[in-house]
Amino acid sequence: MAEWYVKQLGFTIARSGGEPSHARFLADSTGSVMLELYRNPAASVPDYWKADPLLMHVAYGSENPAADQDRLVEAGAVVADELMTTPSGDTIVMLRDPWGVPIQLVKRARPML
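Residues numbered from 1 in each chain as written. Predicted model: local features only at pLDDT ≥ 70, side-chain atom pairs only at ≥ 80, totals over all residues. Heavy atoms only, no water.

Our focus in this paragraph is the overall build of the chain. Looking only at helices and strands, the chain features two helices and seven strands. Reading the helices (α) and strands (β) of the chain from amino to carboxyl end gives α-β-β-β-β-α-β-β-β. Taken over C-alpha atoms, the radius of gyration comes to 15 Å for the chain, in line with the 13 Å a tight globule of 113 residues would show. Its C-alpha atoms give the chain principal-axis dimensions of about 45 × 30 × 25 Å. For the chain, the residues scored as buried account for 31% of the 113 residues in total. Accessible surface, the chain as shown: approximately 7400 Å² in total, 55% of it carbon and sulfur. (Helix = DSSP H or I, 4+ residues; strand = E, 2+ residues; numbered from the N terminus. Rg over C-alpha atoms; globule rule 2.2 N^0.38 Å. Buried < 20%, exposed > 50% of the residue type's maximum accessible area, 1.4 Å probe, protein only. Areas by Shrake-Rupley, 256 points an atom, 1.4 Å probe, with all protein chains shown as cover.)

Under the criterion given, the structure shown has three salt bridges. Across the salt bridge formed by Lys50 and Asp47, the nearest N and O atoms sit 3.9 Å from each other. Judged by its relative accessible area of 72%, Lys50 is exposed. (Salt bridge = Lys/Arg side-chain N within 4 Å of Asp/Glu carboxyl O.)

Attention now goes to the pairing of strand 3 (residues 34–37). Across the two faces of strand 3 the burial differs, with Leu35 and Leu37 buried and Met34 and Glu36 not buried at all. Of the strand pairs in this sheet, strand 2 (residues 24–27) and strand 3 are connected by four bridges, and their pairing is antiparallel. When the bridges of strand 3 are listed, Arg24 appears paired with Leu37. (Pairing = 2+ DSSP bridges.)

The next thing to look at is the packing of aromatic side chains. A full pass over the atoms with the stated rule returns four aromatic pairs. On the numbers, 5.4 Å between centres and 70 degrees between planes, the contact of Trp4 with Tyr5 is edge-to-face. Per residue, the accessibility class of Trp4 equals that of Tyr5, and both read buried. Geometrically, the ring pair formed by Tyr5 and Phe11 is tilted, given 6.3 Å between the ring centres and 55 degrees between the ring planes. Overall, the relative accessible area of 5% leaves Phe11 in the buried class. An aromatic cluster of three or more residues is present, and its members are Trp4, Tyr5, Phe11, Tyr60 and Trp99. The residue whose ring lies beneath Arg15 is Phe25, and the NZ or CZ to ring-centre distance is 5.9 Å. (Phe/Tyr/Trp six-rings, centres within 6.5 Å; stacked < 30°, edge-to-face > 60°. Lys NZ or Arg CZ within 6 Å of the ring centre and 35° of its normal.)

Here the focus is the side chain of Ser62. With respect to the helices, strands and loops of the structure, Ser62 is situated in the loop between strand 4 (58–61) and helix 2 (65–74). Its relative accessible area of 5% is what places Ser62 among the buried residues. Those residues in contact with Ser62 that lie beyond four places of it in its chain are Asp68, Leu105, Val106 and Lys107. (Contact = heavy atoms within 4.5 Å.)

Shown next as structure tokens:
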């Protein structure tokens, strides 16, 4: 999973560990955001496919959500909600990574960061 995020979304692996959790700390291109991916044997893996993307998703800024959508679908992602433009002018598409985790690609009409 970590390798997919590195290859498809530009993260780097800042730290990794072995048994039992195989933790991966992924840093974004700015170095200011990190995701931690791991498997804790004490907890079952949620069924992300059944969870509504509005409940939880990881949002990524995109200069071209349509092109990024096509590229990620080619790499195994699935479209959860079609590309749309909100009343405020944001362009958004909701995908799921190959493990079902919701990913939102967004181009803000007025950048937030």
